[in-house]
Amino acid sequence: MIRKIIKIDEEKCNGCGVCADACHEGAIGIVDGKAKLLREDYCDGLGDCLPACPTGAITFEERKAPAYNEAAAQAAKHSNGGEKLPCGCPGTASKTISREETQAENAPVRSHLSQWPVQIKLAPVNAAYFNGANLLVAADCTAYAYGNFHHDFIKNKITLIGCPKLDMVDYTGKLTQIIAENDIRSVTVVRMEVPCCGGIENAVKQALQASGKFLPWSVVTISTDGKILE
């Protein structure tokens with residue numbers, strides 16, 4: 001059938017993932033850093049993704065395409081763990097927790113945070129705690145998704161956190177100053193698997209390059225259900 005459907009200009013697409021977040025049908029995904037129309041029959045042609053795109057990469061076109069299959073789109077969302085959340089992250093299925101698990105989860109957990117503030121926007125460029133530091137730069141959602149975050153990541157590190165999607169700022173300049181002007185020994189990036197978290201990884205990568213220093217660095221990706229992805 002001939003119907004209205006979205007068209008994505010990959011040349012204009014910057015891979016931010018905002019369109020995928022805005023698509024309630026799950027028709028759009030990020031593949032190799034670019035937005036793709038994954039299933040034509042999932043696209044309802046209403047264009048919720050159009051105003052969300054910051055680069056104008058998405059338009060309408062009328063062409064031959066399968067009819068919109070609402071039942072299939074809804075079934076796919078539920079099979080992937082439920083509705084998409086307002087932030088664009090996929091939902092996860094609920095879990096029944098036993099009394100023993102509840103007691104274990106309520107046990108006191110030691111904080112390994114060694115400095116304040118932790119927000120990238122609030123942190124000073126120069127501070128004594130940066131000297132000889134192993135730096136942790138983390139997306140703020142990671143500490144909520146990964147249960148043992150303090151022990152596995154914050155321990156023995158200086159921690160900076162941020163969210164490029166909510167802060168609407170490029171952290172590259174400040175991170176460059178921190179790395180260039182202090183005796184940083186290593187950098188660990190912890191991010192979520194969602195596309196918008198690519199902003200914090202890219203900021204660290206660019207800051208390391210701009211600083212002129214060759215430091216060991218690594219990236220750890222956390223899934224929305226709290227697992228470390230290989």
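Whatever comes next refers back to the structure up there.
Residues numbered from 1 in each chain as written. Predicted model: local features only at pLDDT ≥ 70, side-chain atom pairs only at ≥ 80, totals over all residues. Heavy atoms only, no water.

Brief notes about the overall build of the chain
Then comes step 1: Of regular secondary structure, the chain possesses 8 helices and 9 strands.
Then comes step 2: With 230 residues in all, the chain has 40% of them scored as buried.
Then comes step 3: When contacts within the chain are restricted to residue pairs at least 6 apart in sequence, those whose partners lie at least 24 apart make up 71%. (Helix = DSSP H or I, 4+ residues; strand = E, 2+ residues; numbered from the N terminus. Buried < 20%, exposed > 50% of the residue type's maximum accessible area, 1.4 Å probe, protein only. Contact = heavy atoms within 4.5 Å.)

Some words on the environment of Gly-47
Then comes step 1: Residue position: Gly-47 is located in the loop between strand 3 (34-37) and strand 4 (58-64).
Then comes step 2: Distance from Gly-47 to Ile-58, taken between C-alpha atoms, is 8.9 Å for residues 11 residues apart in sequence.

Quick notes on the pairing of strand 2 (residues 28-31)
Then comes step 1: One ladder, built from 4 bridges, connects strand 2 with strand 3; its direction is antiparallel. If you follow Ile-28 over to strand 3, its bridge partner there is Leu-37.
Then comes step 2: Here strand 2 hands over to strand 3 after 2 residues, with Asp-32 in that stretch at a positive phi of 55°. (Pairing = 2+ DSSP bridges.)

Quick word on unusual backbone geometry
Then comes step 1: For the bond running from Trp-116 to Pro-117, omega is 0°, close enough to zero to count as cis.
Then comes step 2: With respect to the helices and strands, the residue Pro-117 is situated in the loop between helix 3 (99-105) and strand 5 (133-139).
Then comes step 3: A positive phi angle, close to 65°, is found at Asn-156, a residue other than glycine.
Then comes step 4: Tracing the backbone shows Asn-156 in the loop between helix 5 (149-154) and strand 6 (158-162).

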